[in-house]
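One-letter residues, chain by chain:
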Amino acid sequence: MSVVDKSKSILSLLPDKPGVYQFLDSSDIILYVGKAKNLKKRVASYFLKNQSGKTMLLLRRAADIKHIVVENESDALLLENNLIKKHQPRYNILLKDDKTFPWICIKKEPFPRIFSTRNVIRDGSAYFGPYTSGLMVKTLIALIRQLYNLRTCSLVLTESNILAGKFKVCLEYHLGNCKAPCVGKQALKDYDENMVQIKDILKGNISTVIDHLKGLMINYSKELRFEEAQLIKDKIEILSSFRSKSAVVSNTIRNVDVFGMAIENDSAYINYLKVIEGAVNQALTIELKMRLDEEKESVLGFAITEIRQRLSSDSPEIIVPFKPDILLDTARYTVPKQGEKQKLLELAERNAIYYKLEQKKKRMEHKPQQRTGKNLEKLKNDLHMSDIPFHIECFDNSNIMGTNPVAACVVFRNGRPSKKDYRHFNVKTVTGPDDFLSMEEIVFRRYRRTLDEGTALPQLVIIDGGKGQLSSALKSITKLGLRDKITIIGIAKKLEEIYFPGDSVPIYLDKNSISLKIIQQLRNEAHRFGINFHRGKRSSDMIRSDLDQIKGIGPKTKEILLLHFGSVENIRNASAIDLENLVGLKKSEVLKEYFKN
C-alpha cells in the first residue's frame, strides 16, 4: 500500500510544528528527506493534484512517512542537511563534489605542525579552507614559515619525552627554521602564541595580527631590545605586503558570507565568497543536482547550510539574491538592491555562471564522440586537408644491419586504433638495409591490394621518417594514381618535424597540440607493432640458423632440446651428461662437436 492510499491516517498524526519528514519505501529505505515550517501543511501539499512526474513517482514508491519534530525552523534546516549527507536518499538534491580541495591543517598535538592535506580527519585538529588553488595553499604555508619558526618533524613532543632527552636537534634548527622545542629550547607557551596569530592569518584577520605585532615592536623598543624589534618590524612588512595583494572589494564590509546562484535545467550552481575586512578571503563553488523539482528557495537554503557547516563559517551576515525558504537563526540575511553589497552579490553570481559554463564545457569534452570529432577537425585544419581524417594509416620499417627487413601498417578509425586492420609485411624485393626502397615496396603493395579489393582508402597516410622515406612512399602513391586522393605526410623523430610532399622545409606543430599528439600516437603504435614482429622473426631465424645446420639433428630432436633447455644458448652451455641423458650419446657428441667448432 502506497502513502497515497493512507494519506489521511498519516496526516492525522502530523503536528503543526517545524521539523523534518522522511518518505520510506516498503523496505524502510529512505527515499526523500524534507524540512518544513509546518509539518502537517508541508506533507499535505504532496497529496494535492497537479504534481510533477517525479513527485508522483516518489509517492507511488513510498510506503510510509516518518517525521521528527524540532524546536525551530533553523534546527529543521540543519537536521535535514545532516540526514541527506548521512543517508543520501535517491530523490534528494545531489551534491556533485567531483574533487577534493586542499585544506591547511593545524594538528592537535603539543607544538602543532602545519601542513596541507586533502583528507579532513575529525580528530580535533583545526582545518582552514578548502582552497580552490593548490598554489594559494603553498603561498600561505610559505608565508607562515617565513614569519614563524615552526617544526616540520613528526616527533611526539610530550613534556615527558622532552624531559627524558629522547630527541636531538636536527638540521632545521641549525638552518634557523626551527627553535628546537624537541630539546626544550622553545617553550610551549611561546609556540602557542604563534599559533594564535597563525590562525588569525588563515581566517583573514591580518589586521589583528599586525596590530598585535606593532604593540610588541613598541614594547621591545622601549626595553631597548632593538634586534627583536627589527625582527617584528620585518614580519609586519611581510604581512602588509601580503594583505596589499588581496582582492579588496569593500572598505566598509567586515565579515560576511555571500552566496550567488545560477540555475540551468536540473542543476544549480552556488558560489560562496567569504569577505573579511573588505577582502575576499575564501571562495568555493558547488553544483547541486535537483531530483524532485525543488524550488530555488529550498535549494539555496540547502546550499547555505551545507557550505557554512563544511567551512565552519560563523559570519553574522549572509548576502543572498533572495530569501531561502527557511533561515538559520545564527545569522541575519540581506538581499541588497544597491551599493557595495549588491556589487559583491553580482560578483558571486558571475562566478556561479562562469563555473556553470566551465562544467558544461568539461562535460562536452568528456563525451568521446564529440571530443574525437573536435580533435580530428583540429588535425584537418593544421594539415590543411580538405576532409576530416576519420581513417588514418601509418607505416614504419624495421631491420637490423639489413637482416629480416619488415614493415608495419597501423590503422586508426575515428581517432582510435582499429587493431583488426593492422598489417605486417615481409620486404620481398629489397636486398640489404634500404629503408627508402622498402617503404616504396610496402606502400605500393598496401594500396595496390586496397584498389584491387575495392576497399576504402584512408584520408591521411603518415610515414615514419623524413624527406627520403616520404619521397619513396609518394612514388608508389603516384604510380597508383592516388596522388590527389590521399594526403600523405612524414614525421621525423629528432625534432618532430612534419614534412609535406614537394616541400623541403618542414612545419613544426606546437608540442602541446592535439594534432601532434595524434600523429605521435600513430607513429609510436606503428613502431611498437613493427618492432614486435621484427623481434619475433629475428628470434625464429636465429634458432633456425643454429640448430637446422647441424647434421644428424632432426626436427623432433630440435623440439625436445628447445623444450628442455629453453634456448640455443642454454643448449650450447649444457654439459655432455645432460645432453646424453636427453638425446643419447651419439647425438650429444654431434652437438658438442658442432658448438666446439
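In this text the structure is predicted, and so the values were computed from the model without any measurement.

## Some thoughts on the overall build of the chain
Phase 1: When its secondary structure is counted, the chain shows 20 helices and 19 strands.
Phase 2: If one aligns the C-alpha atoms of the chain with their principal axes, the spans along those axes are about 100 × 80 × 60 Å.
Phase 3: With 597 residues in all, the chain has 44% of them scored as buried.
Phase 4: Long-range contacts, defined as pairs at least 24 residues apart, comprise 60% of the intrachain contacts of the chain with a sequence gap of at least 6.

## Examining unusual backbone geometry
Phase 1: Although it is not a glycine, Phe 111 sits at a positive phi angle of roughly 55 degrees.
Phase 2: One can find Phe 111 in the loop between strand S5 (103–106) and strand S6 (114–117).
Phase 3: Here Phe 111 falls in the buried class, since its relative accessible area comes to 5%.
Phase 4: Its identity is not glycine, yet Asn 414 carries a phi of approximately 55 degrees, on the positive side.
Phase 5: You can see Asn 414 is positioned in the loop between strand S14 (403–413) and strand S15 (416–417).
Phase 6: A relative accessible area of 46% places Asn 414 in the partly exposed class.

## Some words on the sheet that holds strand S3 (residues 64–69)
Phase 1: Strand order across the open sheet formed by 3 strands is S2-S1-S3, with antiparallel pairing between neighbours. In this open sheet, the two strands that pair with only one neighbour each are strand S2 (30–36) and S3. On average, adjacent strands in this sheet sit at an angle of 20 degrees to one another, irrespective of strand direction.
Phase 2: Strand direction decides the pairing type here: strand S1 (residues 19–24) and S2, joined by 6 bridges, are antiparallel. Bridged to Tyr 21 within S2 is Gly 34.

## A short note on the sheet that holds S5
Phase 1: The sheet built from 3 strands is open, its strands ordered S6-S5-S7 with antiparallel pairing. Bordering the open sheet on either side are S6 and strand S7 (126–128), each of which pairs with just one other strand. Looking at each pair of strands side by side, their axes are set apart by 30 degrees on average, direction ignored.
Phase 2: Bridging between S5 and S7 involves 3 bridges; their strand directions are antiparallel. By the bridge assignment, Ile 106 is partnered in S7 with Ala 126.
Phase 3: Packed onto the sheet, helix H5 (residues 134–147) meets S5 and S6 and runs at close to 175 degrees relative to S6.
Phase 4: Together, S5, S6 and S7 form the strand contacts of helix H8 (residues 188–203), whose direction differs from that of S5 by roughly 165 degrees.

## Topic: helix H4 (residues 73–87)
Phase 1: With 15 residues, H4 ought to run about 21 Å at 1.5 Å a step, and its terminal C-alpha atoms sit 21 Å apart, in line with that.
Phase 2: Taken as a whole, H4 has its buried residues at Ser 74, Ala 76, Leu 77, Glu 80, Asn 81, Leu 83 and Ile 84.
Phase 3: Contacts from the buried residues of H4 go to S1, S2, S3 and helix H11 (296–310).
Phase 4: The N-cap residue of H4 is Asn 72: its side-chain oxygen and the backbone nitrogen of Ser 74 are 3.2 Å apart.

## Examining the packing of helix H17 (residues 555–565) against helix H19 (residues 576–583)
Phase 1: Where H17 contacts H19, the two axes come as close as 11 Å, and the packing angle between them is 130 degrees. Judged by the inter-axis angle, H17 sits oblique to H19. Judged by the sense of rotation from one axis to the other, the crossing of H17 with H19 is right-handed. Of H19, the residues touching H17 (which contributes Thr 557, Ile 560, Leu 561, His 564 and Phe 565) are Asp 578, Leu 579, Leu 582 and Val 583.
Phase 2: Looking at the contact of H17 with H19 residue by residue, the class counts come to 6 nonpolar, 2 polar and 1 charged.

## Describing helix H14 (residues 435–453)
Phase 1: For H14, spanning 19 residues, the distance from its first C-alpha to its last is 27 Å, which sits close to the expected 27 Å at 1.5 Å a residue.
Phase 2: Within H14, burial applies to Ser 438, Met 439, Glu 440, Glu 441, Ile 442, Val 443, Arg 446, Tyr 447 and Thr 450.
Phase 3: Just beyond H14, the residue with positive phi is Gly 454, at close to 70 degrees.

About the cut-offs
Residues numbered from 1 in each chain as written. Predicted model: local features only at pLDDT ≥ 70, side-chain atom pairs only at ≥ 80, totals over all residues. Heavy atoms only, no water. Helix = DSSP H or I, 4+ residues; strand = E, 2+ residues; numbered from the N terminus. Buried < 20%, exposed > 50% of the residue type's maximum accessible area, 1.4 Å probe, protein only. Contact = heavy atoms within 4.5 Å. Pairing = 2+ DSSP bridges. Axes fitted to C-alpha atoms, helices over the stretch in contact; angles between N-to-C directions. Expected span 1.5 Å × (residues − 1). Polar contact = N/O pair within 3.5 Å; in protein donor to acceptor, adjacent residues only side chain to side chain. Parallel < 35°, antiparallel > 145°, perpendicular 65-115°, else oblique. Left-handed = near helix turned anticlockwise from the far one by under 90°. Nonpolar A, V, L, I, M, F, W, Y, C, P; charged D, E, K, R; others polar.

It is worth stressing that arrangement in space is one thing and function is another; only the former is reported here.
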